[in-house]
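Listed below, chain by chain, are the residues.
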Amino acid sequence: MRTFRIPDQVARLAVLFAVAVVALVVVRHIFVPKSFGKLGHYRAAAVDEIASQSVRYAGMQTCVECHTEEAEKKSSSFHRGLACEVCHGPASEHASDPEAKKPFVPRERGACLYCHNYLPSRPTGFPQILEKLHNPMKPCPTCHNPHDPTPPHVPGTCSACHASIARIKAISHHDSLECETCHEASPQHRQDPRSALPKKPTNREFCGKCHAQNAPSAKEIRRIDLATHGGRYLCWQCHYPHYPEGR
Amino acid sequence: MATTCERREFLLKLLQLPCSAVLLSMCGPLPLFADEKKEGYDAGEHYYGMGIQVDKCIGCGRCAEACKAENDVLRQPYYFRTWVERYVVYGDGEVTVDSPEGGIHGFSAAESDREVLRSFFVPKLCNHCDNPPCVQVCPVGATFKSVDGVILVDKDYCIGCRYCIQACPYGARYLDPRTKTADKCTFCYHRITKGLLPACVEVCPTQARVFGELKAMSSPLRRLMRMSQLQVLKPYLNTEPKVLYSELDREVR
């Protein structure tokens, strides 16, 4: 009678196989870092290592604890949205030992110009100056307290904050028109712009006041037939009002 | 006969020894000690994202500067974790994009007589995709998505093969020549885990950058999600970015 027994060669192979598996386990154990796979296909300990990097920007909350005067001044000014360290640079070393390390104090004009020099790409309404024309050579803090930069007097012109529009209008056929001719603006708009937005024309008749055939405006102004010209569209859907001759 | 027996026993013992050693060490330190819970921060309670309000960006570049200072990013150009691009759309439809040194020294007005249709700034950074191609291609598991949704690089484990740099559709990674490992934005992981804002968000003067929880109701980011129509960069790639843009122009890519 033949009893079933595992053939010799298979048993030996099995042993060899077992050895190979064990070797694999051992090698894996040695080479795969301990925390690998704990949270996913990565070394979990790396997360803590990355989190332990040192902090350079202390954050405004920290500065405010000691510098109440500057903080208070700034909190109700045009610069209320600015962090201290955007101007003073990373200062966590200073915050933990004020005597040992002094932060950078940006007295040069360049520090303000990052934000305030005129660039047509900046959003409309952002206050900008032309560096070469705005009190050249003088450091900005002589007239503007950096922590409360309210200009010595309220900006007289709309161009302070709408520079791009003002510039294109200045070379257009509408140059002779004041902004206020078309935008009724309360003085508050110049102090706190978003709380009091100026009005904008709402209908075709507005432009018709000057451009309609029978309008009582200056003779040299070109006329159109208000009833038909441009169909049912508003005038500024075709003409850019700040540069109306652009076709 | 006896000799075979001895050999068997010897082989067996040979097997047992490392086996038991490995098994023992695999148990690790006893569970009693293993339970060293990090106090304070629980990654499971957070899921981060960033919102970018393009119409608020004034192009001051302070974010790119702060990022370099905070994270010790190489000063030379071409190494950026975040940078600011200027788009100019001309009347004839041509679009130019520039980012002089990532914007860390600000921008200067471009002199041109051509008619400009519109122009604006777009801050860029790692999009911390929910479905990150860079993680998929990493051959060693050195870049990964953490529990709180941030894509990180394990510097000790990275072999510098550059696959992830190739795979990133947003150009957000670079090889740090000092360590020869991949490097990228971490959302300032060392800051956010301490309750601070990422450096770029901290210094942004107009809140063009909004950082916060994607899933919690009371988060500045959640408000942005409520109030604006948000878009992501290159949505057709299905990377599911967690950096969300409002007022994004169609020319931006």
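Note that the structure is predicted; figures quoted are calculated from it, not measured.

Reading the values: the criteria
Here the residue index of a chain counts from 1 through its sequence in written order. A letter from A marks each chain and a number from 1 marks each ligand, given out in the order of writing. Owing to the predicted nature of the model, reporting of local features is limited to residues with pLDDT of at least 70; listing and counting of side-chain atom pairs is limited to 80 or more, with chain, interface and lining totals taken over all residues. Note that the side-chain values use all heavy atoms of the structure and ignore hydrogens as well as water. A run of DSSP states H or I qualifies as a helix once it reaches four residues; a run of E qualifies as a strand once it reaches two. Both are numbered from the N-terminal end. Our radius of gyration is a C-alpha quantity, and the globule rule it is checked against amounts to 2.2 Å times the number of residues to the power 0.38. For each residue, the accessible area found with a 1.4 Å probe, counting protein chains only, is set against the maximum for its type, and the residue is called buried under 20%, exposed over 50%, and partly exposed in between. Domain limits in this description derive from either an automatic procedure or a database domain assignment. Should DSSP find at least two bridges between two strands, the strands are taken to pair. Contacts were defined at the residue level, with two residues in contact if any of their heavy atoms lie within 4.5 Å. Lines are fitted to the C-alpha atoms to define the axes, a helix being fitted only along its stretch in contact, and any angle between axes, read from their N-to-C directions, falls within 0 to 180 degrees. Accessible area that two parts lose when put together, with a 1.4 Å probe and added across both, is what the buried area reports. Salt bridges are defined by distance alone: a side-chain nitrogen of Lys or Arg within 4 Å of a carboxyl oxygen of Asp or Glu. Any pair of nitrogen or oxygen atoms within 3.5 Å is treated as a polar contact; in protein, a donor-acceptor pairing is required on top of that, and neighbouring residues in sequence qualify only through side-chain atoms on both sides. Under the convention adopted here, Pro, Cys and the residues Ala, Val, Leu, Ile, Met, Phe, Trp and Tyr are nonpolar, Asp, Glu, Lys and Arg are charged, and Gly plus all remaining residues are polar.

J.: Could you clarify how one ought to interpret the overall build of chain A in this entry?
T.: Looking only at helices and strands, chain A features 11 helices and 0 strands. Listed N to C, the secondary structure of chain A is α-α-α-α-α-α-α-α-α-α-α in terms of helices and strands. Taken over the C-alpha trace, chain A has a radius of gyration of 35 Å; the compact-globule value for 247 residues is 18 Å, which it surpasses by more than 25%. Taking all 247 residues of chain A together, 21% fall into the buried category.

J.: How do you make sense of unusual backbone geometry when you look at a structure like this?
T.: Excluding glycine, most residues fall at negative phi; most peptide bonds, likewise, are trans. All names here are of chain B. We note that His128 has phi near 45°; this positive angle belongs to a residue other than glycine. With respect to the helices and strands, the residue His128 is situated in the loop between strand 4 (116-125) and helix 4 (133-137). Of note in the backbone geometry, Phe187 takes a positive phi value of approximately 55° without being a glycine. With respect to the helices and strands, Phe187 occurs in the loop between strand 8 (181-183) and helix 6 (189-192). The exposure class assigned to Phe187 is buried, which follows from its relative accessible area of 1%.

J.: What is the right way to read the domain arrangement of chain A from this model?
T.: Interface size is often expressed as the accessible area that is lost when the parts come together. Split by domain assignment, chain A resolves into domain 1 (56-100), domain 2 (108-142 + 150-171) and domain 3 (196-247). Between domain 1 of chain A and domain 2 of chain A, the C-alpha centre-to-centre distance is 25 Å.

J.: Sorry, what's going on with the sheet that holds strand 1 (residues 48-53) of chain B here?
T.: Remark on secondary structure: sheet strands pair via backbone hydrogen bonds, oriented parallel or antiparallel. Residue and element names in this part refer to chain B. Spatial ordering of the open sheet is given by 9-1-11-10, a layout of 4 strands whose pairing is mixed. Looking at which strands have only one partner, the edges of the open sheet turn out to be strand 9 (209-213) and strand 10 (230-231). Of the pairings in the sheet, the one linking strand 1 to strand 9 comprises 5 bridges and is antiparallel in character. Its bridge partner lying in strand 9, Gly51 is registered against Val210. Together, strand 1, strand 9, strand 10 and strand 11 (243-246) form the strand contacts of helix 8 (residues 220-227), whose direction differs from that of strand 9 by roughly 110°.

J.: How do you make sense of the interface of chain A and chain B when you look at a structure like this?
T.: Facing the 40 residues of chain A at the interface are 52 residues of chain B. Note on chain A versus chain B: buried area summed over both sides is about 3700 Å², and carbon and sulfur give 65% of it. When the buried area of chain A at its contact with chain B is split by residue, Tyr57, Tyr114 and Ser121 of chain A rank highest and sum to 18% of it. Inspection of the chain A/chain B interface yields 2 salt bridges. Across the salt bridge formed by Arg43 of chain A and Asp156 of chain B, the nearest N and O atoms sit 3.7 Å from each other. The interface formed by chain A and chain B contains 11 residue pairs in polar contact (both at pLDDT 80 or more). Among the elements of the structure, helix 1 (8-31), helix 2 (44-51), helix 5 (84-88) and helix 7 (109-116) of chain A are those that each provide at least two residues to the side of chain A that touches chain B. The greatest single-element share of the side of chain A that touches chain B, amounting to 6 residues, is contributed by helix 2 of chain A. Its residues assigned to classes, the side of chain A that touches chain B comprises 27 nonpolar, 7 polar and 6 charged.

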